[in-house]
Amino acid sequence: MKKLLLFFLLASPSVLLSQTILNSYPLDLKKTDENNQILNTQDEKTHELYVFAADSKNISILKYNNSFFLTNQFTDSIKNAADRTLLGSSISDDGNPTLYWSSGKAQNIKIIKYFLGTKTSRTLNFNFNENIEYAIATFQKNNNFYILGKEKNEQHLLLYEFKNGKCEIKMFDFSKFLFQNERGLKFTFSSLIRYFPLQKMESDEFNSLDKATGISKLYILDDRLILAFDYNLTKTQVFDLNIETSEITEKNFNQPVSKSPSRTSNSFYSENKLFQIKANKDEFLFDIKDVTSEKTIKSISVSKNDTIRFKNSPFFLQINNNKPQELKTTSKFLKQLADLRVGLSVLKNNKNTYITFGGFIEYAFSDFNFDQNYADQIKMVSFDAMLNADLEFVTNEKTEPLAIDNIYYYLSTAKNVSFQNILKLKDYTILGYYDTALKQYTFRKFTDGFIREDNGNPISNKAVFSKSFPLKKP
């Protein structure tokens, strides 16, 4: 599937490209080596940063302190993990990193712990149960590494927690819960996530609308997993999975009620709030609900003849890689939105909450020639809004770009950038990437706001900045 990146600039002659480089380290990865892989991670206890860079022969480990000074470096043979995919990492209590290397079918994992002090490593094997069908997601939390997996024909999920060389398996059983759409059709949990696969939402980044318009979403918190399903047009079904106890709590949140039939509705979870959207060609509905109390905090209804006064951007329509078009009225926007999968993406940044409302669809069509050529077509409509700390809409044409805006713009203009990783810290955001021309790994610092002296932000005028998105194959 082609992916879309939000917050790219169409054109800007007034942009300064200089950046604040925190550190660069020489690293020779061959362009032709298909086994090149780079991952970075942060020790959540010490705030030290690690870079793991592998090719077909070696793994290089770079360790930085919280001021981004290189404090240790270790290069080891990769023969024990040859032809494997680097899934993720963990940090043991003794401060040494462990990497997890998957085989092609992901039935076996090589677990390699690297001892930076003695420049040695130790390899363990982990074999999944043969009944494991697929891995839904991998992630790192609290310095541990997790794999969320699904067993064949079973109504549960298995969470594998890798910590200090040991693996603990947690089971989340969904067999007792009811899954039923608005027409009364019942189905199993297993069939639900087979036909509507769980999409992992990132908490510190904008989630593009191709992901945010999905039916099934996974949110990863410090000690819990949140699963939210929008297969039913009348409600959002939310499950809270406690990682420590394996307990599951179910809550159902009614979608806003529309005056005329709607073919699509959706939601987004953020900061213990559920943001819900429903739309058709005649009206646009938006609710915010408190997940704990289940009470509605905010409810908005806009008809096609009204003006959406809380938007902070024009209505945009984009088809494939064509230049985005501006839709002038709410009616035209809703007419385009009604044929798409509706959704919204929410990002909390300091006291403000940034929301992208819209819809997305991707489909393949044939030109009906005998050679059966197929082509992907993508269509998206969207607009932006911002809520303050009191969850009141703020309309401000002079809204400054976020650090993530600056990063996406930099990535859209920079050449020779690969294996990029984004790390959000307390007061700024770090972009780590491999420079294929200079053959070095670089950390760049980005902050919120327009360009100021010495802060390195690339966007100097948001008047030329829009939410267009070049569509690229993965």
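Notes on the structure follow.

Rules of the game
Residues numbered from 1 in each chain as written. Predicted model: local features only at pLDDT ≥ 70, side-chain atom pairs only at ≥ 80, totals over all residues. Heavy atoms only, no water. Helix = DSSP H or I, 4+ residues; strand = E, 2+ residues; numbered from the N terminus. Buried < 20%, exposed > 50% of the residue type's maximum accessible area, 1.4 Å probe, protein only. Contact = heavy atoms within 4.5 Å. Areas by Shrake-Rupley, 256 points an atom, 1.4 Å probe, with all protein chains shown as cover. Pairing = 2+ DSSP bridges. Axes fitted to C-alpha atoms, helices over the stretch in contact; angles between N-to-C directions. Salt bridge = Lys/Arg side-chain N within 4 Å of Asp/Glu carboxyl O. Phe/Tyr/Trp six-rings, centres within 6.5 Å; stacked < 30°, edge-to-face > 60°. Lys NZ or Arg CZ within 6 Å of the ring centre and 35° of its normal.

## Topic: the overall build of the protein chain
Then comes step 1: Broken down by element type, the protein chain carries four helices and 32 strands.
Then comes step 2: Buried positions account for 53% of the 474 residues belonging to the protein chain.
Then comes step 3: Of the contacts formed within the protein chain by residues at least 6 apart in sequence, a portion of 49% connects residues at least 24 apart.
Then comes step 4: Summing over all exposed atoms, the protein chain offers an accessible surface of approximately 22,600 Å²; the carbon and sulfur share of this is 47%.

## Brief notes about the sheet that holds strand β2 (residues 20-26)
Then comes step 1: Across the sheet, which stays open at both edges, the four strands sit in the order β2-β31-β30-β29 with antiparallel pairing between neighbours. One side of each edge strand has no neighbouring strand; the edge strands of this open sheet are β2 and β29 (417-424). Adjacent strand axes in the sheet meet at a mean angle of 15° when their direction is disregarded.
Then comes step 2: In the sheet, β2 pairs with strand β31 (residues 440-446) via six bridges, with the strands oriented antiparallel. Bridge assignment links Asn23 to a residue of β31, and that residue is Phe443.

## Some points on the pattern of salt bridges
As a working rule, side chains carrying opposite charge can pair if their charged atoms are close by.
Then comes step 1: Per the stated rule, a full pass over the model turns up 14 salt bridges.
Then comes step 2: A salt bridge links Lys200 to Glu202; the shortest N-O distance between them is 3.9 Å.
Then comes step 3: Among the residues examined, Lys200 registers a relative accessible area of 24% and is labelled partly exposed.
Then comes step 4: Its relative accessible area of 32% is what places Glu202 among the partly exposed residues.
Then comes step 5: A network of salt bridges, in which partner residues are shared, links Lys281, Asp282 and Lys304.

## Observations regarding helix α4 (residues 403-413)
Then comes step 1: Burial analysis of α4 places nine of its eleven residues in the buried class, which makes it a mostly covered element.
Then comes step 2: Of the residues making up α4, those classed as buried are Ala403, Ile404, Asp405, Asn406, Ile407, Tyr408, Tyr409, Tyr410 and Leu411.
Then comes step 3: Where α4 is buried, its residues contact β26 (341-349), β29, β30 (429-435) and β31.

## A word on the packing of aromatic side chains
Then comes step 1: Counted under the stated rule, the structure contains 39 aromatic pairs.
Then comes step 2: Between Phe310 and Phe383, the ring centres sit 6.1 Å apart and the planes meet at 55°, which makes this aromatic pair tilted. Placement of Phe310 in the loop between β23 (296-303) and β24 (315-319) and of Phe383 in strand β28 (residues 374-387) is noted, with a sequence separation of 73 residues between them.
Then comes step 3: Judged by its relative accessible area of 9%, Phe310 falls in the buried class.
Then comes step 4: Three or more aromatic residues link up through ring pairs in this structure, and these residues are Phe275, Phe284, Phe286, Phe310, Phe315, Phe333, Phe357, Phe383 and Phe393.
Then comes step 5: Lys445 extends its terminal NZ or CZ atom over the ring of Tyr428, reaching a point 4.7 Å from the ring centre.

## Points about the environment of Lys63
Then comes step 1: Summarising the element assignment, Lys63 is placed in strand β5 (residues 58-64).
Then comes step 2: Considered as a pair, Lys63 and Phe74 are eleven residues apart in the sequence and their alpha carbons are 8.7 Å apart.
Then comes step 3: Excluding residues within four positions of it along the chain, Lys63 makes contact with Glu48, Leu49, Tyr50, Phe69, Leu70, Thr71, Asn72, Gly95 and Leu116.

## With respect to the pairing of strand β14 (residues 166-173)
Then comes step 1: Note that strand β13 (residues 156-163) and β14 share eight bridges and pair antiparallel. The partner of Leu158 across the bridge, within β14, is Met171.
Then comes step 2: Between β13 and β14, which pair antiparallel one after the other, the connecting turn spans two residues, and Asn164 there sits at a positive phi close to 50°.

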